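Chains, contacts and geometry: an overview
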Amino acid sequence: SITVSTNNGKSYEATVRGYNENYDVAVLKINATGLRAVTLGKSSDANVGDEVVTIGNPLGELTFSLTSGAISALKLIQTDAAINSGNSGGPLFNLYGEVIGITNAKYSSGGSSSEASIDNIGFAIPIDEVDSIIKNIIKNGTKNSSDSSGNSGSNVPDQDDSWEDSIEDFFSTF
């Protein structure tokens, strides 16, 4: 069972409405009234240097933790806002309170003292990349699995895997 907790201390049982493995996105359904939904912005309106914040549960212990930073790159949104274990899948907000990305990865050094230390290089999937997928899941309840070629179920729109290429290109420079 899945439990969703809100910042006012209430908890709700949730069911998985659907998911998309290619983008690591899921939509949960809660039977409740009076809840406020987030506003989806447009990641295409973001610029390098824009300030952003992310909310998460780093290490599974620091519930509703907020970190802030700036956008460093756009194809796959790169930010210096701290993204730690437990934050992945959380929202990346612009300063208008709109979700412009879904946090999904961070780059970190291997821990060897001979390597350069790397801090606060995090990534978020641009919301423009997953907006239609989210809406499709809400409408159709699609639960899909990717086949070995990366294709997904027939109810999911064609996907641009450019964000995956961007992160692979970034990591290959180190």
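For the structure, see preceding data.
Here goes a summary of the coordinates provided.

Calculation rules
Throughout, a residue's number is its position along its own chain's written sequence, starting from 1. Local features in a predicted model are, by the rule used here, given only for residues with pLDDT of at least 70; side-chain atom pairs are given and counted only at 80 or more, and totals for whole chains, interfaces and linings are based on all residues. To get the side-chain values, take all heavy atoms of the structure and skip hydrogens and water. In plain words, nonpolar cores are sets of buried Ala, Val, Leu, Ile, Met, Phe, Trp, Tyr and Cys residues tied together by side-chain atoms within 4.5 Å. Relative accessible area decides the class of each residue, using a 1.4 Å probe on protein chains only: under 20% of the type maximum gives buried, over 50% gives exposed, and in between gives partly exposed. Runs of E in the DSSP output that reach at least two residues are strands. Runs of H or I that reach at least four are helices, and both are numbered from the N terminus. Here a polar contact is recorded for every N or O atom pair within 3.5 Å, except that within protein the pair must consist of a potential hydrogen donor and a potential acceptor, and residues adjacent in sequence are included only if both atoms are side-chain atoms. Contact criterion: two residues are considered in contact whenever any of their non-hydrogen atoms come within 4.5 Å of each other. Without a salt bridge and with relative accessible area above 30%, a residue can belong to a patch; like charges are then joined within 9 Å and nonpolar side chains (Val, Leu, Ile, Met, Phe, Trp, Tyr) within 5 Å. Note on areas: these come from Shrake-Rupley sampling with a 1.4 Å probe, and a residue is covered only by the protein chains present in the view. Salt bridge, as used here: a side-chain nitrogen of Lys or Arg that lies within 4 Å of a carboxyl oxygen of Asp or Glu. Using a grid of 1 Å spacing that covers the protein atoms alone, one calls a set of points a cavity when a 1.4 Å probe fits there but cannot get out, and a pocket when the set is open and has protein on both sides within 12 Å along at least five of seven lines; lining residues are those with an atom within 4 Å of a point. Grid points are joined across faces, edges and corners, and a volume is the space filled by probe spheres set on the points. Two strands are counted as paired when DSSP detects at least two bridges linking them. Axis definition: a line fitted to C-alpha atoms, limited for helices to the stretch in contact. Angles are taken between N-to-C directions and run from 0 to 180 degrees.

Next up on the list: the nonpolar core. Core analysis: the biggest nonpolar cluster contains 13 residues, and Tyr23, Val25, Ile102, Ile127, Val130 and Ile134 have the highest contact counts within it. Counting residues per element, this core draws most heavily on helix α1 (residues 127-140), which supplies five residues. Ranked by size, the runner-up nonpolar core spans seven residues in total, among them Val52, Ile71, Ile100 and Ala124.

Looking now at the side chain of threonine 67. Structurally, the position occupied by threonine 67 is in strand β6 (residues 65-73). Engagement of the side chain of threonine 67 in a polar contact is seen with the backbone oxygen of alanine 82, the distance being 2.9 Å. With residues up to four places along the chain from it excluded, the contact list for threonine 67 reads Val52, Val53, Thr54, Ala81 and Ala82.

Among the surface-exposed residues, Ile2, Val16 and Leu28 lie close enough to one another that they form a single nonpolar patch of about 200 Å² accessible area. Here valine 16 lies in strand β2 (residues 11-20). Looking at valine 16, the relative accessible area reads 32%, which means it is partly exposed.

The subject of this paragraph is the environment of serine 44. Among the secondary structure elements, serine 44 is positioned in the loop between β4 (39-40) and β5 (51-56). Residue class for serine 44 comes out exposed when judged on its relative accessible area of 55%. Taking C-alpha positions, serine 44 is 8.7 Å from isoleucine 127, a pair spaced 83 residues apart along the chain.

Within this model, the largest pocket holds a volume of roughly 2,100 Å³. Val4, Arg36, Ala37, Val38 and Pro91 are the residues nearest the centre of the largest pocket, which is lined by 42 residues in total. Counting only elements with at least two residues in the lining of the largest pocket, the list comes to β1 (2-5), β2, β3 (25-30), β4, β5, β8 (91-94), β9 (98-107) and α1. The leading source of residues in the lining of the largest pocket is β3, at six residues.

Attention shifts here to the environment of alanine 26. Along the chain, alanine 26 falls in strand β3. Put simply, alanine 26 and isoleucine 133 are 107 residues apart on the chain and 9.5 Å apart in space, counted from C-alpha to C-alpha. Contact partners of alanine 26, with chain neighbours within four places excluded, come to Gly18 and Tyr19.

With respect to the secondary-structure elements, alanine 46 resides in the loop between β4 and β5. As a C-alpha pair, alanine 46 and asparagine 94 span 48 residues in sequence and 8.1 Å in three-dimensional space. Excluding residues within four positions of it along the chain, alanine 46 makes contact with Ile71, Leu74 and Ile100.

Taken together, three strands build an open sheet; the order of strands is β1-β2-β3 and the sheet is antiparallel. Here the strands that pair on one side only, and so sit at the sheet edges, are β1 and β3. Taken over all neighbouring pairs, the strand axes of this sheet differ in orientation by 50° on average, direction set aside. Looking at chain direction, β2 and β3 are connected through six bridges and run antiparallel. Bridge pairing links alanine 14 to isoleucine 30 in β3.

Another aspect to go through is the pairing of β8. Bridge analysis of β5 against β8 gives three bridges, and the strand direction is antiparallel. Note that in β8 the partner of valine 52 across the bridge is asparagine 94. Where β8 and β9 come together, three bridges link them in antiparallel fashion. Within β9, the position partnered with proline 91 by the bridge is isoleucine 102. Linking two consecutive strands that pair antiparallel, namely β8 and β9, is a turn of three residues; a positive phi of about 80° is found at glycine 97 within it.

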